[in-house]
Amino acid sequence: MKNINMYKAMKSELDADIYKLVCSTGIFADSYGIKACIVGGMVRDIFLKRKTVDIDVVVLGDGLKFARFLADKLGGAFKGFEKFKTAKIFLKNGRIDISSARKETYEKPAALPDVVLSGRDEDLFRRDFTINSMAVSINREDFGNLFDPFGGVSDLKKKILKTMHDRSFVDDPTRILRAIRFEARLGFKIEKRTLRFIRKALKENIFENLSGERIREELFILFKEQTPAKAMKRLEQFGVLRKINPGLCLDSKALAMFKTIGSSGRLIRSYHADVPIMYLMALLGTAQPAQALATAVKLKLSNGQRHAIDHGKELQKLQQKDLGKLGKGSSATYFLLKKYGTEALLYLMLMQKDKKRAARIKYYLDELKHIKIEITGDDLKEMGIKEGPEYSKILSAVMKAKLDGRADNREEQLELVRTLAE
Ligand code: CTP
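Computed from a prediction, not measured in an experiment: that's the story for all the values here.

Trainee: Requested: an account of the environment of Ser331, with residues and values cited.
Mentor: Its place among the elements puts Ser331 in helix H19 (residues 330-337). Along the primary structure Ser331 and Phe47 are separated by 284 residues, whereas in three dimensions their C-alpha atoms are 56 Å apart. In contact with Ser331, other than residues within four places in its own chain, are Lys400, Leu403 and Asp404. In this structure the side chain of Ser331 is engaged in a polar contact, spanning 2.8 Å, whose partner is the side chain of Asp404.

Encoded structure:
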């Protein structure tokens, strides 16, 4: 294989500040006396001319010690993981992940690996796919030289995802989700032999051994892709979702919602909503309550996340009679939607075929939700009204009046309280 030097490609494909950081890391690796390479996704994406910001560096030697040295030189915060011999450096303009070239052994399928320091090729061999198993030197003497022992460049050209060995998915089942994610993102194909390995691992019920947190993390990464619908369809085809949990399935309704959410990214972001939670609403929308709960438990969702999904499920079941309230006055809309979080409301909005109803939900999110009345419980107290559950009834009535334009200011609201308290 002819030697490839990536210097020019790095310079033209990486953002200037990222390129500078890569060069500085190389210079400090030289002064520390250690061999360093960028590796994995960054190398892949330089070839594919895709924007890349994650700097993954592998060094031949103790990455933890070098990372401490580098963090000090670059003035960044350092976080080390002794067990895996890896570290992260947090800088104002980015993050560098440093690892020690290592071999991994897995005591049990799907467990976290034990690591032993190794050479560069062994480190590349332990990785998921050939296209992610290339490294590029950043030391001065051979800056830009590509190391591609498993044919990553050739597979990039062929647009295929190929794993290195048959145990890859058993050791780390998250790679099944990664394969499907890359396939959808890059428009690549999983090659036949690799497909066989995936099917074999699934037959071995490999997800049973994988922790819920790791499944959730990987699913959420997938949900952050531009078009998760494509990948989700493949996950369903492979039977991966049901293997993760019997309650997880992608029916045609859920798939349609995945597409709608996927094409509404800008709108959703403008409300700072949690996109993965909205996708989970779609996935669990039609699941029986017991199954939805089992999935939430398996994925170790937080109470807040579970609550948001329950709200989404509740709203998906709203009857026409309730939805009709959206066509009535502002207070009817307000009191129908008031208890629900942003994600559930956006979900409801995106579900609506009726444009007027969707516009009312948007009106709630943009306007009604932020309306406050000008009086509080303290005012009621001063007026001599006995504290108790009456307070919330009175304040709700005042809110209703304000929303319907009957008590716009403090004076009118206090007057209304007087008549209510009579
Ligand atoms: N990797 C692996 N197995 C995994 C996760 C990661 O072998 N389960 C290796 C791959 O070499 C990968 C690298 O670690 O390229 C970095 O992983 P990560 O940052 O998660 O992914 P990227 O490949 O960089 O992809 P993305 O663009 O989605 O961040």
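Trainee: Could you give me a rundown of the side chain of Arg126, with the residues and numbers involved?
Mentor: Here Arg126 shows up in the loop between helix H5 (120-125) and strand S8 (135-137). Ignoring any residue separated from it by four or fewer positions in sequence, one finds Arg126 in contact with Arg102, Glu104 and Arg175.

Trainee: Tell me about the packing of helix H17 (residues 303-316) against helix H20 (residues 342-351), and name the residues and values.
Mentor: When two helices pack together, their arrangement is captured by the angle between the axes and the distance separating the axes. Across the interface, H17 lies against H20 with an axial gap of 8 Å and an inter-helix angle of 30°. For the element pair H17 / H20, the angle class is roughly parallel. In this structure, H17 crosses over H20, and the sense of that crossing is right-handed. Touching Ala308, His311, Gly312, Leu315 and Gln316 of H17 are Ala344, Leu345, Tyr347, Leu348 and Met351, all from H20. For the contact of H17 with H20, the residue count by class is 7 nonpolar, 3 polar and no charged.

Trainee: Would you mind going over the pairing of strand S5 (residues 94-100) in detail, with residue names and values included?
Mentor: S5 sits mainly inside the fold: 5 of its 7 residues count as buried. Here strand S2 (residues 55-59) pairs with S5 via 5 bridges, running parallel. The residue of S5 that forms the bridge with Ile55 is Ile96. Where strand S4 (residues 86-91) and S5 come together, 6 bridges link them in antiparallel fashion. Looking at S5, one finds that Leu91 is bridged to Gly94.

Trainee: Break down the site of the ligand for me, with residues and values.
Mentor: Of all residues adjacent to the ligand, which total 15 residues, the nearest are Asp128, Asn132, Asp172, Arg181 and Arg185. Within the contact set of the ligand, an oxygen atom lies 3.1 Å away from a backbone nitrogen or oxygen of Gly41. The separation between an oxygen atom of the ligand and a polar side-chain atom of Arg185 is 2.6 Å. When the ligand sits alone it has 560 Å² of accessible area, and the protein chains cover 76% of it. Looking at the shell around the ligand, the elements with two or more residues in it are helix H3 (41-48) and helix H8 (174-186). Per element, the largest residue contribution to the shell around the ligand is 6 residues, and it comes from H8. Tallied by class, residues from the shell around the ligand come to 1 nonpolar, 4 polar and 10 charged.

Trainee: Could you give me a rundown of the pairing of strand S1 (residues 36-39), with the residues and numbers involved?
Mentor: Because side chains alternate across S1, one face comprises the buried residues Ala36 and Ile38, and the other comprises Cys37 and Val39, equally buried. The pairing of S1 with S2 spans 3 bridges and is antiparallel. Among the inter-strand pairings, Cys37 is bridged to a residue of S2, identified as Val58. Pairing analysis gives 3 bridges linking S1 to S8, with the strands arranged antiparallel. Looking across to S8, one finds that Val39 is bridged to Ala135.

Trainee: I'd like to hear about the packing of helix H15 (residues 275-284) against H20, residue by residue, with values.
Mentor: Remark: H15 packs on H20, axes separated minimally by 10 Å, with the N-to-C direction vectors making an angle of 60°. As judged from the angle between their axes, H15 and H20 are oblique. Crossing of H15 over H20 shows right-handed handedness. The residues of H20 that touch H15, namely those facing Ile277, Met278, Met281 and Ala282, are Glu343, Ala344, Leu346, Tyr347 and Leu350. A breakdown of the residues in the contact of H15 with H20 according to their chemical character gives 8 nonpolar, no polar and 1 charged.

Trainee: Can you lay out the domain arrangement of the protein chain for me, pointing to particular residues and giving the numbers?
Mentor: When the parts of a complex come together, some accessible area is lost, and that lost area is often used as the size of the interface. Split by domain assignment, the protein chain resolves into domain 1 (1-157), domain 2 (318-370) and domain 3 (377-421). Relative placement of domain 1 and domain 3: their C-alpha centres are 64 Å apart.

Trainee: Which residues make up the nonpolar core, and what values do they have?
Mentor: If you look at the biggest cluster of nonpolar residues, it comprises 117 residues, and the most contacted ones within it are Met10, Ile38, Ile176 and Phe223. Of the residues forming this core, the biggest block, 8 residues, is contributed by H15. Setting aside its immediate chain neighbours within four residues, Met10 contacts Tyr19, Val22, Ile38, Ile46, Val136, Ile138, Phe143 and Gly144. Grouped together as the second largest cluster of nonpolar side chains are 11 residues, Leu380, Tyr391, Ile394 and Ala401 included.

Procedures and definitions
- Residues numbered from 1 in each chain as written.
- Predicted model: local features only at pLDDT ≥ 70, side-chain atom pairs only at ≥ 80, totals over all residues.
- Heavy atoms only, no water.
- Helix = DSSP H or I, 4+ residues; strand = E, 2+ residues; numbered from the N terminus.
- Contact = heavy atoms within 4.5 Å.
- Polar contact = N/O pair within 3.5 Å; in protein donor to acceptor, adjacent residues only side chain to side chain.
- Axes fitted to C-alpha atoms, helices over the stretch in contact; angles between N-to-C directions.
- Parallel < 35°, antiparallel > 145°, perpendicular 65-115°, else oblique.
- Left-handed = near helix turned anticlockwise from the far one by under 90°.
- Nonpolar A, V, L, I, M, F, W, Y, C, P; charged D, E, K, R; others polar.
- Buried < 20%, exposed > 50% of the residue type's maximum accessible area, 1.4 Å probe, protein only.
- Pairing = 2+ DSSP bridges.
- Near = heavy atom within 4 Å.
- Areas by Shrake-Rupley, 256 points an atom, 1.4 Å probe, with all protein chains shown as cover.
- Domains from an automatic or database assignment.
- Core = buried A, V, L, I, M, F, W, Y, C linked by side-chain atoms within 4.5 Å.

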